[in-house]
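What follows is the residue order along each chain.
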Amino acid sequence: MSSAAVTPVARLRALKPDWLNDPKVWRTEVLAGLVVALALIPEAISFSIIAGVDPAIGLFASFTMAVTVSVVGGRRAMISAATGAVALVIAPVNREHGLGHLVATVVLAGVFQVILGAVGVARLMRFVPRSVMTGFVNALAVMIFMAQVPEMHDVPWPVYPLIAGGLALMVFFPRVTRAVPAPLVNIVVLTVITVAAGIAVPTVGDKGDLPSSLPVPGLPDVPFTLDTLTTIAPYALAMALVGLMESLMTAKLVDDITDTHSSKTRESIGQGIANIVTGFFGGMGGCAMIGQTMINVKVSGARTRVSTFLAGVFLMVLCIVFGPVVSDIPMAALVAVMVMVAFGTFDWHSVAPRTLRRMPAGEVAVMVITVAVVVATGNLAIGVVVGTLTAMAVFARRVAHLARVTAVTDPDGETVVYSVTGALFFASSNDLVTRFDYANDPGRVVIDLSGAHIWDASSVAALDAIETKYAQRGKKVEITGLNDPSADLHGRLTGELTGSH
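Keep in mind the model is a prediction, meaning the values are calculated, not measured.

Asker: Would you mind going over helix H10 (residues 264–280) in detail, with residue names and values included?
Answerer: For H10, with 17 residues, the first-to-last C-alpha span of 25 Å sits near the 24 Å given by 1.5 Å per residue. Taken as a whole, H10 has its buried residues at Lys264, Glu267, Ser268, Gly270, Gln271, Gly272, Ala274, Asn275, Thr278 and Gly279.

Spelled out as structure tokens, the structure:
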């Protein structure tokens, strides 16, 4: 067929993504969005309580975050909504200054995230080691499970068989069919059982009142002054950093699960835009939700922006139109879903005895420290930072011993050649000065660096110190074999680091 014979309809169909023409994908995305929306409701209400605001504020935030990120975010199928980490950061603002300042903080945090995304902060993700990522995932699984423990403590006895039944449904139902997500079947079946049998157990409605209307946009109710800016800026920056870290880590996790790549820069900017929109709609802000993302991607099999968008839309529809029905959903059903998510999220291979025996002790220590810090602080961002710093220390200690020095004296006895190999940086160059025989070496000393690389000022300072020690004994030092970057750094800094030149 010639290009002239291609109809406008055929051309339009060719431009559409494949999933728009696939009913199976549509069904998966729609049902996944519904499951996530149901799971978002009690979480958003809980995080509202942490932040000290009305439940509607958290639910509005989850709606606007999900819908906005589905359009502007970089990672498809990832769920962003109100989160506990953000709630913890902004709770003091609401407590000390009121809701107006909290909303203004959310808007400013969004602006910070857009700026950070534009300047390339997402590139820092390459410095997060695999052992930290594994610790992050395992800590996340532990935190998801621990968050369910209060829902299983001091509750009526029927809660326990309901949770067990929900878990059994989600394990065995996929063996019958995967056309409908097992978590959705679990929620519907347990709700029908509790309502029909009149079983008195904690429900979603017990968490708080659901909103009865859509959020209305408006400006934050604060004085637009420098004093307001200085008050909210530290909280906004903290929220921006915590939100970006959780979102980028979640995006990387979804990349690994789906074997696809996503733009972390676009995700950073998208998170910022979503928080700005959320602030103007009176929401409490948020970031990527790891638990709900796992429900969407790993449990329900969603892969497109449709599920993220519909999760936000369904959330508001469920609250406003089906509020009384949603309020009757037993918390046991949602606890069962989250327990399955925790079990599926944990990297069991990483703690298998065979794996632990083969892994370097330093990397195992980094993973354990990351998990311990996250569980102790309840903050994934702090755990990632501490884990990454620990990994850097372990790496520095390991490569510090890789710089080797060997000496060969010429037959005439007038020249000694020291061959230095390895990476020269602050850790490895510290003991470099002690590897030379200043007193007994002949008058000419050659330091061959053709097998080494100079990384920092500490190494240049060490070489200067070596030259100084030889010069004090009337001996001449010649440095050879520098590669271009090392020669450039050495040329710029040599003689400039001691203040006496």
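Asker: If you had to explain a nonpolar patch on the surface to someone new, which residues and values would you point to?
Answerer: Judged by side-chain polarity, Leu214, Val317, Ile320, Val321, Phe322 and Val325 come together as a nonpolar surface patch covering roughly 500 Å² of accessible area. You can see Leu214 is positioned in the loop between helix H8 (182–197) and helix H9 (226–258). According to the relative accessible area criterion, Leu214 is exposed, its value standing at 51%.

Asker: Before we move on, could you go through the nonpolar core and cite the residues and values that matter?
Answerer: Within the largest apolar cluster, 99 residues are counted, with the highest numbers of intra-cluster contacts made by Ile41, Leu59, Phe136, Met284, Ile295 and Leu315. A per-element tally of this core places helix H2 (residues 23–51) first, with 12 residues. Setting aside chain neighbours within four positions, we find Leu315 in contact with Ala37, Leu40, Ile41, Leu59, Ser62, Phe63 and Leu310. Counting residues in hydrophobic clusters, the runner-up holds 23 residues, among them Tyr418, Val445, Ile454 and Leu463.

Asker: Summarise the packing of H9 against H10; cite the residues concerned and give the values.
Answerer: In the contact formed by H9 and H10, the axes pass within 10 Å of each other and the chain directions differ by 135°. Put simply, H9 runs oblique to H10. Considering how the two elements wind past one another, H9 and H10 form a crossing that is right-handed. Mapping the contact onto sequence places Met239, Leu244, Ser247, Leu248, Ala251, Lys252 and Asp255 in H9 and Lys264, Ser268, Gln271 and Asn275 in H10. Its residues assigned to classes, the contact of H9 with H10 comprises 4 nonpolar, 4 polar and 3 charged.

Asker: I'd like a rundown of the packing of aromatic side chains, residues and numbers included.
Answerer: The description of an aromatic ring pair uses the distance of the two centres, along with the angle that the planes make with each other. With the rule as written, the count across this model stands at 7 aromatic pairs. Plain terms: the ring middles of Tyr418 and Phe436 are 4.4 Å apart, the flat faces sit at 55° to each other, and that makes the pair tilted. Taken together, the residues Tyr418 in strand E4 (residues 415–424) and Phe436 in the loop between E4 and strand E5 (444–454) connect sequence positions 18 residues apart. You'll find Tyr418 and Phe436 in the same group, each marked buried. Aromatic pair Tyr438 and Tyr470: ring centres 4.8 Å apart, planes at 55°, arrangement tilted. In this pair, Tyr438 sits in the loop between E4 and E5 while Tyr470 sits in helix H18 (residues 457–471), placing the two residues 32 residues apart along the sequence. Grouped by ring-pair contacts, the aromatic residues Tyr418, Phe436, Tyr438 and Tyr470 constitute a single cluster.

Asker: Tell me what's going on with the environment of Val121, and back it up with residues and numbers.
Answerer: Turning to its location among the elements, Val121 is positioned in the loop between helix H5 (99–118) and helix H6 (130–148). For the pair Val121 and Ser131, spaced 10 residues apart in the sequence, the C-alpha separation amounts to 21 Å. Excluding its chain neighbours within four sequence positions, the residues that come into contact with Val121 are Leu116 and Leu244.

Asker: Can you tell me about H18, naming the residues and giving the values?
Answerer: Residues lying three or four places apart along an α-helix face the same way, a consequence of the helix completing one turn every 3.6 residues. The terminal C-alpha atoms of H18 lie 21 Å apart, and with 15 residues this matches the ideal 21 Å at 1.5 Å per residue to within 8%. Within H18, the full set of buried residues consists of Ser459, Val460, Ala462, Leu463, Asp464, Ile466 and Tyr470.

Asker: Go over the packing of H5 against H10, please, and point to the residues and values.
Answerer: Where H5 contacts H10, the axes come no closer than 7 Å and their chain directions differ by 160°. With respect to their mutual orientation, H5 and H10 come out roughly antiparallel. Of the two possible hands of crossing, H5 and H10 adopt the one that is left-handed. Across the interface between the two elements, Val103, Val106, Val107, Gly110, Val111, Gln113, Val114, Gly117 and Ala118 of H5 pack against Thr265, Ser268, Ile269, Gln271, Gly272, Ile273, Asn275, Ile276, Gly279 and Phe280 of H10.

Asker: Break down the state of the cysteines for me, citing the residues and quoting the values.
Answerer: All told, the structure shown has 0 disulfides when counted by the stated rule. Cys319 takes part in no disulfide bond, and the closest cysteine sulfur to it belongs to Cys287, at a distance of 20 Å.

Asker: Now, about the environment of Met338: what can you tell me, with residues and values included?
Answerer: Checked against the element boundaries, Met338 lands in helix H14 (residues 331–345). Met338 gets classed as buried once you look at its relative accessible area, which sits at 5%. Distance in space between the C-alpha atoms of Met338 and Gln292 is 8.7 Å, their sequence separation being 46 residues. When neighbours within four sequence positions are excluded, Met338 is seen to be in contact with Ile144, Gln148, Gly291, Gln292 and Ile295.

Asker: Account for the sheet that holds E5, with residues named and values stated.
Answerer: Pairing between sheet strands relies on hydrogen bonds along the backbone, with the strands arranged either parallel or antiparallel. Taken together, 4 strands build an open sheet; the order of strands is E3-E4-E5-E6 and the sheet is mixed. Each end of this open sheet is capped by a strand with a single partner; those strands are strand E3 (404–409) and strand E6 (476–480). Each strand of the sheet is rotated relative to its neighbour by a mean of 20°, with strand direction disregarded. As judged from the 5 bridges shared by E5 and E6, these two strands associate in the parallel manner. In the sheet register, Val446 faces E6, and the bridge partner there is Glu478. Across the sheet, H18 lies against E4, E5 and E6, angled at about 175° from E5, the strand it touches most.

Reading the values: rules and limits
- Residues numbered from 1 in each chain as written.
- Predicted model: local features only at pLDDT ≥ 70, side-chain atom pairs only at ≥ 80, totals over all residues.
- Heavy atoms only, no water.
- Helix = DSSP H or I, 4+ residues; strand = E, 2+ residues; numbered from the N terminus.
- Expected span 1.5 Å × (residues − 1).
- Buried < 20%, exposed > 50% of the residue type's maximum accessible area, 1.4 Å probe, protein only.
- Patch = residues over 30% accessible without salt bridge, like charges linked within 9 Å, V, L, I, M, F, W, Y side chains within 5 Å.
- Areas by Shrake-Rupley, 256 points an atom, 1.4 Å probe, with all protein chains shown as cover.
- Salt bridge = Lys/Arg side-chain N within 4 Å of Asp/Glu carboxyl O.
- Core = buried A, V, L, I, M, F, W, Y, C linked by side-chain atoms within 4.5 Å.
- Contact = heavy atoms within 4.5 Å.
- Axes fitted to C-alpha atoms, helices over the stretch in contact; angles between N-to-C directions.
- Parallel < 35°, antiparallel > 145°, perpendicular 65-115°, else oblique.
- Left-handed = near helix turned anticlockwise from the far one by under 90°.
- Nonpolar A, V, L, I, M, F, W, Y, C, P; charged D, E, K, R; others polar.
- Phe/Tyr/Trp six-rings, centres within 6.5 Å; stacked < 30°, edge-to-face > 60°.
- Disulfide = S-S within 2.5 Å.
- Pairing = 2+ DSSP bridges.

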